[in-house]
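# Per-entry structural report
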Amino acid sequence: MNHIADDPPDVVRAAGAVLAKDGRIAVVHRPKYDDWTLPKGKHEPGEDDVAAALREVREETGHDAVIERELGRVEYPVESDGRRRRKVVHYYAMRPVGGEFVPHDEIDKLRWVTSEEARELLTHERDREVVDRWLQGHASSV
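Predicted model only: the values in this text are computed from it and were never measured.

Definitions and limits used
- Residues numbered from 1 in each chain as written.
- Predicted model: local features only at pLDDT ≥ 70, side-chain atom pairs only at ≥ 80, totals over all residues.
- Heavy atoms only, no water.
- Phe/Tyr/Trp six-rings, centres within 6.5 Å; stacked < 30°, edge-to-face > 60°.
- Lys NZ or Arg CZ within 6 Å of the ring centre and 35° of its normal.
- Core = buried A, V, L, I, M, F, W, Y, C linked by side-chain atoms within 4.5 Å.
- Buried < 20%, exposed > 50% of the residue type's maximum accessible area, 1.4 Å probe, protein only.
- Helix = DSSP H or I, 4+ residues; strand = E, 2+ residues; numbered from the N terminus.
- Contact = heavy atoms within 4.5 Å.

## A short note on the packing of aromatic side chains
For the structure shown, the criterion picks out 0 aromatic pairs. Taking NZ or CZ as reference, lysine 21 lies 4.6 Å from the ring centre of tryptophan 112, over its face.

Laid out in structure tokens, this is it:
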């Protein structure tokens, strides 16, 4: 599904990816939260899931990418604008087609790791679940 960011005010819509090349996955470090996560971020006004995911991957990893398949969505509670809201993140499997990572304020590190290393390094269980979805589809397409 390709949602446009016109959801109810209690929903924060975001999109991201498992960006993979040569069997390795990009994981990023956010100094603000001191966590390791998959590249993702909130929609900009009027943006759909695909556009948001491609933009966020480019902004956070420095890589332009192409979408290979959908990986579904993850939902979890967040604190936003002083109130509890529900964050809905739609994920895609992507492969890079150019670009290079340059550290910046939001993302200071990027590592290309195996799926096993990703499962160890990722801070949030929900990210590990997305990697597992990627692995299931990856194994069936090899």
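That shown, we press on.
## Considerations on the nonpolar core
Of all hydrophobic cores here, the largest spans 21 residues; its most connected members are Ile25, Val27 and Leu38. Put simply, the parts of the chain that give this core at least two residues each are strand E1 (11-21), strand E2 (24-30), strand E5 (63-80), strand E6 (83-99) and helix H3 (125-141). Apart from residues no more than four positions distant in its own chain, isoleucine 25 is found in contact with Val18, Leu19, Ala20, Leu38, Arg111, Trp112, Val113, Ser115, Ala118, Val131 and Trp134. One finds Ala15, Leu19, Ala26 and Leu110 within the second-largest nonpolar core, a separate group that totals 14 residues.

## So, the environment of aspartate 105
Looking at the element boundaries, aspartate 105 is found in the loop between E6 and strand E7 (109-113). A residue is classified by how much of its surface remains accessible, and aspartate 105, at 77% relative accessible area, is exposed. In the structure, aspartate 105 is positioned 85 residues away from alanine 20 in sequence and 23 Å away in space, judged by C-alpha atoms.

## Here we look at the environment of proline 9
With respect to the helices and strands, proline 9 occurs in the segment before E1. Note: C-alpha distance between proline 9 and arginine 86 (77 residues apart in sequence) is 9.4 Å. Filtering out sequence-adjacent residues up to four positions away, proline 9 remains in contact with Arg83 and Arg85.

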